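Chain by chain, the residues:
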Amino acid sequence: MTTSPTALVLHGGAGVLARKSYDREIDHMRSLAERGKTQLRDGMPALDVVSDIIRALEASGLYVAGKGSSPNTEGRYELDAAIMDGPTRRAGAVAALEGFVSPIDAARMVMDETPHVLVAAEGAARLAARHGLKAVKDPDTYYKPAAVPDGRAIATGTVGCVALDTEGRLAAGTSTGGTLHKTPGRVGDCPLIGSGTWADVQVAVSCTGQGEYFIRSLAAGTVAARIRYLHESPDEAARYALKDVKRLGGDGGIIAVGADGRIAFPYNSQGMKYAAVFTDGHIEAGVTTA
Ligand code: ASP
């Protein structure tokens, strides 16, 4: 039996502030990368590893996703998430979901339990309740918007994960509280398949940054198309997609893993929080600064 090399990248969002220490985030992301490495080497499917790692990132409160999300202009917490399975191209996503601890679990539920890809707002919440997903009892005490030392909420900090498992399967997922002071009902790139999240048989992609630009440049889908048609590496393709985001006036970062285990985590924002497991098993975690 041949087993594929395994690899993984996770991100804790684009946008890094010079005066904030990210030691806790780096330690946390490194420990999750270790966990993902072991899970993948033990034969866990990439899809399950991606779900598990994103659930942990959401629960930590360290990023602008799950517990660390910040409220919209009306003080409500509307969260987006998506997950995609490379081999089958099945996908699930939720947009503007209120009241649930793990949006990535809700996205997975849409993928596994419904014929749909994207379910939004009230309908998504009703579906999550019907499937028994863990609810947030009191949003005002549960959410702890990730903040800089002076107490201001952080503007960006989506989380995402891409993985390649021992059977050569790729998977990608992304989860976010969205952008700071967003308008009620605003949906970013993360739950839009092909914009913020994508996986097929050649590459798995998760994006972070100002979602509007990633939607308008079809960022994740561009990475996949360049690999498919131009045979670029994940790094070349992701850098091209970021250039297009920049051309439109935005910035951010992209994580990607290819079918051969080559990984990429370029960014053109002011830094990106990330951790990576290379095919040889070595782990890198940090906060890159521009
Ligand atoms: N892409 C996310 C959004 O626009 C924000 C982020 O990456 O931090 O909702």
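Above this text is the structure in question.
A quick note: this is a predicted structure, and the numbers were derived from the prediction, not measured.

Quick look at the overall build of the chain
Item 1. For the chain, the count of helices and strands is eight helices and 12 strands.
Item 2. Taking 2.2 N^0.38 as the reference for a compact globule, 290 residues should give roughly 19 Å; the C-alpha atoms of the chain span a radius of gyration of 17 Å, in line with that estimate.
Item 3. If one aligns the C-alpha atoms of the chain with their principal axes, the spans along those axes are about 50 × 45 × 35 Å.
Item 4. Relative to its full complement of 290 residues, the chain shows a buried share of 59%.

Regarding the site of the ligand
Item 1. Taken together, 12 residues sit near the ligand, with Thr158, Arg186, Asp189, Thr208 and Gly209 positioned nearest.
Item 2. In the environment of the ligand, a nitrogen atom lies 2.7 Å from a nitrogen or oxygen atom belonging to the side chain of aspartate 189.
Item 3. Residue glycine 209 places a main-chain N or O atom 2.7 Å away from a nitrogen atom belonging to the ligand.
Item 4. Isolated, the ligand exposes 270 Å² of accessible area, and the fraction of that covered by the protein chains is 100%.
Item 5. In this structure the site holding the ligand corresponds to the largest cavity.
Item 6. Considering only residue class, the shell around the ligand consists of no nonpolar, 10 polar and two charged.

Let's talk about the pattern of salt bridges
Item 1. According to the stated counting rule, one finds 17 salt bridges in the structure shown.
Item 2. A salt bridge links arginine 76 to glutamate 98; the nearest nitrogen and oxygen atoms lie 2.9 Å apart. Placement of arginine 76 in the loop between helix H2 (46-60) and strand E2 (79-85) and of glutamate 98 in the loop between strand E3 (91-97) and helix H3 (103-113) is noted, with a sequence separation of 22 residues between them.
Item 3. Here arginine 169 and aspartate 165 are joined by a salt bridge, their closest N and O atoms 2.7 Å apart.
Item 4. Residue classification places arginine 169 among the partly exposed residues on the basis of a relative accessible area of 26%.

A short note on the sheet that holds strand E5 (residues 159-164)
Item 1. The eight strands lie next to each other as E4-E3-E2-E6-E5-E1-E11-E12, forming an open sheet whose pairing is mixed. Of all strands in the sheet, those bounded by a partner on one side alone are strand E4 (118-120) and strand E12 (283-288). Within this sheet the neighbouring strands show an average axis-to-axis angle of 5°, counted without direction.
Item 2. Judged from the six bridges that link them, strand E1 (residues 7-14) and strand E11 (residues 272-277) form a sheet pairing that is antiparallel. Bridging across to E11, histidine 11 finds its partner in tyrosine 274.
Item 3. Of the strands in this sheet, E1, E2, E5 and strand E6 (170-176) are in contact with H2, which crosses E5 at around 160°.
Item 4. The sheet strands contacting helix H4 (residues 121-130) are E3 and E4, and the helix crosses E4 at an angle near 105°.

Reading guide: rules and limits
- Just so you know, the residues in each chain are numbered from 1, in the order the chain's sequence is written.
- In keeping with the predicted nature of the model, local features appear solely for residues at pLDDT of at least 70, side-chain atom pairs appear and are counted solely at 80 or more, and the whole-chain, interface and lining totals rest on all residues.
- In computing side-chain values, all of the structure's heavy atoms are included and hydrogens and water are not.
- Where helices and strands are cited, they refer to DSSP runs of H or I of at least four residues and of E of at least two residues respectively, numbered from the N terminus.
- Atoms counted for the radius of gyration: C-alpha only. Globule rule: 2.2 Å times the number of residues to the power 0.38.
- Relative accessibility under 20% of the residue-type maximum defines a buried residue, over 50% an exposed one, and the middle range a partly exposed one, all with a 1.4 Å probe and only protein chains included.
- Residues are classed as near a molecule or strand on a simple rule: at least one heavy atom within 4 Å of it.
- In protein, a polar contact means a hydrogen-donor-capable atom and an acceptor-capable atom, both N or O and within 3.5 Å, with residues adjacent in sequence counting only if both atoms are side-chain atoms; elsewhere, any N or O pair within 3.5 Å suffices.
- Surface accessibility in these figures is a Shrake-Rupley result with a 1.4 Å probe; residues are shielded only by whichever protein chains are displayed.
- A 1.4 Å probe that fits but cannot get out identifies a cavity on a 1 Å grid over protein atoms alone, an open set with protein on both sides within 12 Å along at least five of seven lines counts as a pocket, and a residue lines either if it has an atom within 4 Å of a point.
- Pocket occupancy is defined atom-wise: a molecule lies in a cavity or pocket when more than half of its atoms are within 2 Å of its grid points.
- Only Asp, Glu, Lys and Arg are considered charged in this grouping, and only Ala, Val, Leu, Ile, Met, Phe, Trp, Tyr, Cys and Pro are considered nonpolar; every other residue, Gly among them, is considered polar.
- We define a salt bridge as a side-chain nitrogen of Lys or Arg found within 4 Å of a carboxyl oxygen belonging to Asp or Glu.
- DSSP bridges decide pairing: two strands pair if at least two such bridges lie between them.
- Fitted lines through C-alpha atoms give the axes, limited to the stretch in contact for helices. The angle between two N-to-C directions lies from 0 to 180 degrees.
- Contact definition: two residues touch when any of their heavy atoms are within 4.5 Å.

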